[in-house]
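Each chain, letter by letter, is given below.
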Amino acid sequence: MASPFRASLCLCLGLATLALVAGEKPGVDPVNIDASVKPCEDFYTYANGGWLKSHTLPADKARYGAFEEVSERNRAILKQILEETSAKTTWAKSSVQQKVGDFYAAGMDEAAIDKRGLAPLKPIFATIDGLQDTKQLPALLAKLHTQGLPGGFGFFVGQDAKESTRYMGNLMQGGTGLPDRDYYLKDDARSRDIRAKYEAHVAKMLQLAGDSPALAAVRAKVILELETRMATAQWTRVELRNPMKRYNKRTLDQVAAEAPGFDWQGYFQARGVAVKDLNLSQPSYFKAFGQLAAETPATQWRTYLRWHALNASANLLPKAFGEEAFAFQGKVLNGTPEREPRAKRIEALTDAILGEALGQLYVKVAFPPESKKRVLDMVENLRVALRERITNLDWMGAETKQQAITKHNAFGVKIGYPDKWKTYAFDVKRDDAFGNVRRASAFRVQENLAKLGKAIDRTEWGMTPPTVNAYYSASMNEIVFPAGILQPPFFDPKADDAVNYGSLGFVIGHEMTHGFDDSGSQFDAQGNLKNWWTEADKQAYESRTDMVVKQYDAYEPLKGEHVNGKLTLGENIADIGGLKIAFAAYQNSLKGKPVPAAIDGFTGPQRFFLGAATVWRNHIREAALSLRLKTDPHSPGRERVNGPLSNLPEFYEAFGCSDGQPMKRDAKVRPAIW
Ligand SMILES: [Zn+2]
């Protein structure tokens, strides 16, 4: 496709990119295996033990594995693009290069940021300090939310889950500063410790912003108390995974009656949004929030909102603020000893703010068009394999099967980067890092609200091109693979098919299976939240997913801290099903061909499973693992390998695992779903 600007950049990245991957053997490198571990005892360690021994966690990383390896390579390319683009100041105004280059240059100018001190935040503080009476809270929150600043709850426009051809507004719970409600409410030693450190961190930040130590301490207590009341009313992450429970369409009058204490009409009026109906995602949260809004004095709201404005801006303020933010977010929550260098932080910020502008420059040097073709072929082979699986399922009736196949045939696929690039209609100034981010946030909010009443934009992407990840959207019924993940070890044009099917095929199968996980299976072919299952088939499905919950609940990656089988259910179903169909697609690809010769002593099926295990190898800090066990819907790396493989007869056969060995689960507790 043609890019909307001339290809005048010579980044000469070819050699640098090659040098970064030189020395790695394509596909499976035997040095990464630990042959002292038996594959049927613990396949994760068998396949990755060598790699785990030869790699350590970099000081500025909370986790380091295959995803981070690829991400670091992508980031090196982005760094070079950003350095070359920002070095030039003669780009046409408002061109992609001017925006990307000046945004990066402004962020890198630490001296200018230090010199301006807290001045850029002063107008926001002044707005907050204008709150004299809690009756003014709706207007103030509207003003802050319009600027993309947090407080209390969120409002955004998305597809109506039950009518996917229209947009609808959503009120969403929020308001807290810690990553999960558990941190406020649980009484174990780790949660208590983090809570105390959070309070100290809030006080420290307020002191940096000018409060006396005594006042800062009092205010930090107020903030923690108010956030704890919000956390108490918030739904758990397991409850949030239920799309039917989250769907509560209301008129504005109904919201006002259901969540009294806060003037909802006034809030939307101040935001300039004409709302006919909206989704009240968590009704009980908003009922509690209305009460809290009315009961909490204006002075406490001011304290709370000042903290959140400060917290949201920490990395755009003088050095001491960013360092204190890292001392909590990085060190305490994730256990990471060192902060990433500034260039990396600003590069990540540029990707977050101007992702599709930077992405245009990235795909030109990092995503050869041939890759798209090969990946599309693989997607089609996976699609055939899943269709065959559905047709042959022994637990599902013909009626539901027909519906499942209709949905499966309707899957959309996006690969590499968008056909139509997003435009960023806000000013980017070379001398205003703070203002650039604020203007970007306000623009993003405005752009989102403007969707109300318009036709659904099906060209949009939810991830930027360099992202090492992929996703399934239930409302769009589509799977999306950014250019960033289509690289070794996920996808290696030089590797044999077995390995590519085990790694990227697994990822593709995983995303496809999301369309049929416990949540995705509640959406139909058109992306509507609508039941298409017979009652008997629904029950047969749930008795199988219950087995998945039990299997993962039993895993204990940290002493006393288990995997949450219900929180991770959708991802685990996608892992188990994805691996199964990727293997079937690999076998289909061999039909009519001679059996491929073993490589390094490993047969094709063995290399398939080694490829799959490679994807999830990682080192992770204990604090980061604990954080993820509470918040991440994905299981940890080891469980993402050993969990699915130990359910899969194709794996036992490939490695000769026998009954009673840990990697061969008993048939009675083995969920075969997709
Ligand atoms: Zn997933």
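1. Points about the overall build of the protein
Regarding its fold elements, the protein presents 27 helices and nine strands. Expected size for 674 residues packed as a compact globule is a radius of gyration near 26 Å; at 26 Å, the protein falls within 12% of this value. Of all 674 residues assigned to the protein, the portion counted as buried reaches 57%. When the accessible surface of the protein is totalled, it reaches about 27700 Å², and 53% of it is carbon and sulfur.

2. Re the coordination of the zinc ion
At 2.0 to 2.1 Å from the zinc ion lie its protein donor atoms, namely His510 (NE2), His514 (NE2) and Glu571 (OE). Taken in chain order, the donor set of the zinc ion reads H-x3-H-x56-E. Linking His510 in helix 21 (residues 497–514) with Glu571 in helix 23 (residues 569–590), this pair joins segments that are 61 residues apart in sequence. Glu571 matches His510 in its accessibility class, with the two residues each being buried.

3. Here's the deal with the packing of helix 18 (residues 369–392) against helix 23
Contact geometry for helix 18 and helix 23: axes closest at 8 Å, N-to-C directions at 110°. Accordingly, the angle class assigned to the pair helix 18 and helix 23 is roughly perpendicular. You can see that helix 18 and helix 23 cross each other, and the crossing is right-handed. On helix 23, the residues touching Asn381, Leu382, Val384, Ala385, Leu386, Glu388 and Arg389 of helix 18 are Lys580, Ile581, Ala582, Ala584, Ala585 and Asn588. Residue composition of the contact of helix 18 with helix 23, by class: eight nonpolar, two polar and three charged.

4. Points about the packing of helix 22 (residues 535–553) against helix 23
As a packed pair, helix 22 and helix 23 sit with axes 10 Å apart at the nearest point and diverge in direction by 100°. Our classification of the angle between helix 22 and helix 23 gives roughly perpendicular. Between helix 22, through Tyr541, Thr545, Val548, Val549 and Tyr552, and helix 23, the contact on the second element is made entirely by Leu569, Asn572, Ile573 and Ile576.

5. Topic: the packing of aromatic side chains
In total, this model carries 51 aromatic pairs according to the counting rule given. Here Trp395 and Trp533 contribute two aromatic rings whose centre-to-centre distance is 6.4 Å and whose plane-to-plane angle is 15°, an arrangement assigned as stacked. Within this pair, whereas Trp395 is found in the loop between helix 18 and helix 19 (398–410), its partner Trp533 is found in the loop between helix 21 and helix 22, the two being separated by 138 residues in sequence. Per residue, the accessibility class of Trp395 equals that of Trp533, and both read buried. Counting every residue linked through ring pairs, the aromatic cluster contains Phe153, Phe155, Phe262, Trp264, Tyr267, Phe268, Tyr285, Phe286, Phe289, Trp301 and Tyr304.

6. Section: helix 18
Its 24 residues give helix 18 an end-to-end C-alpha distance of 36 Å, which sits within 8% of 34 Å, the value for a rise of 1.5 Å per residue. Where helix 18 is concerned, the buried positions are Ser371, Val375, Met378, Val379, Leu382, Arg383, Ala385, Leu386 and Ile390. Buried residues in helix 18 make contact with helix 19, strand 6 (412–416), strand 8 (478–482), helix 21 and helix 23.

7. Overview of the domain arrangement of the protein
The domain boundaries assigned to the protein delineate domain 1 (35–74 + 369–422 + 460–669) and domain 2 (151–317). Domain 1 and domain 2 are separated by 34 Å when their C-alpha centres are compared. Between domain 1 and domain 2, the buried area comes to about 1800 Å², and carbon and sulfur atoms account for 53% of it. At the boundary of domain 1 with domain 2, the tally comes to three salt bridges. One salt bridge connects Glu561 with Arg190, and the closest N-O pair in it is separated by 2.9 Å. Linking domain 1 with domain 2 are 10 residue pairs in polar contact (both at pLDDT 80 or more), by the criterion used here. Every element with two or more residues in the side of domain 1 that touches domain 2 is listed here: helix 23 and helix 25 (622–631).

8. Section: the pairing of strand 3 (residues 163–173)
Inspection of the sheet shows strand 2 (residues 153–160) paired to strand 3 by eight bridges, in the antiparallel sense. Note that in strand 3 the partner of Asp160 across the bridge is Glu163. Between the antiparallel neighbours strand 2 and strand 3 lie two residues.

9. Notes on the sheet that holds strand 6
Paired through backbone hydrogen bonds, the strands of a sheet run either parallel or antiparallel to each other. The strand order 6-8-7 describes an open sheet built from three strands, whose pairing is mixed. In the strand order of this sheet, the two ends are held by strand 6 and strand 7 (471–473), each with one partner. Between one strand and the next, the sheet's axes are offset by a mean angle of 15°, whatever the strand orientation. Packing against the sheet, helix 21 makes contact with strand 7 and strand 8, and its axis sits at approximately 150° to strand 8.

10. A short note on the pairing of strand 5 (residues 277–280)
Of the two faces of strand 5, the one lined by Asp277 and Asn279 and the one lined by Leu278 and Leu280 are each fully buried. Pairing of strand 3 with strand 5, which is carried by three bridges, proceeds in the parallel orientation. When the sheet's bridge partners are listed, Asn170 is paired in strand 5 with Asn279.

Reading the values: rules and limits
Residues numbered from 1 in each chain as written. Predicted model: local features only at pLDDT ≥ 70, side-chain atom pairs only at ≥ 80, totals over all residues. Heavy atoms only, no water. Helix = DSSP H or I, 4+ residues; strand = E, 2+ residues; numbered from the N terminus. Rg over C-alpha atoms; globule rule 2.2 N^0.38 Å. Buried < 20%, exposed > 50% of the residue type's maximum accessible area, 1.4 Å probe, protein only. Areas by Shrake-Rupley, 256 points an atom, 1.4 Å probe, with all protein chains shown as cover. Donors = N, O, S within 2.8 Å, 3.2 Å for Na, K, Ca; no water. Axes fitted to C-alpha atoms, helices over the stretch in contact; angles between N-to-C directions. Parallel < 35°, antiparallel > 145°, perpendicular 65-115°, else oblique. Left-handed = near helix turned anticlockwise from the far one by under 90°. Contact = heavy atoms within 4.5 Å. Nonpolar A, V, L, I, M, F, W, Y, C, P; charged D, E, K, R; others polar. Phe/Tyr/Trp six-rings, centres within 6.5 Å; stacked < 30°, edge-to-face > 60°. Expected span 1.5 Å × (residues − 1). Domains from an automatic or database assignment. Buried area = accessible area lost by both parts, 1.4 Å probe. Salt bridge = Lys/Arg side-chain N within 4 Å of Asp/Glu carboxyl O. Polar contact = N/O pair within 3.5 Å; in protein donor to acceptor, adjacent residues only side chain to side chain. Pairing = 2+ DSSP bridges.

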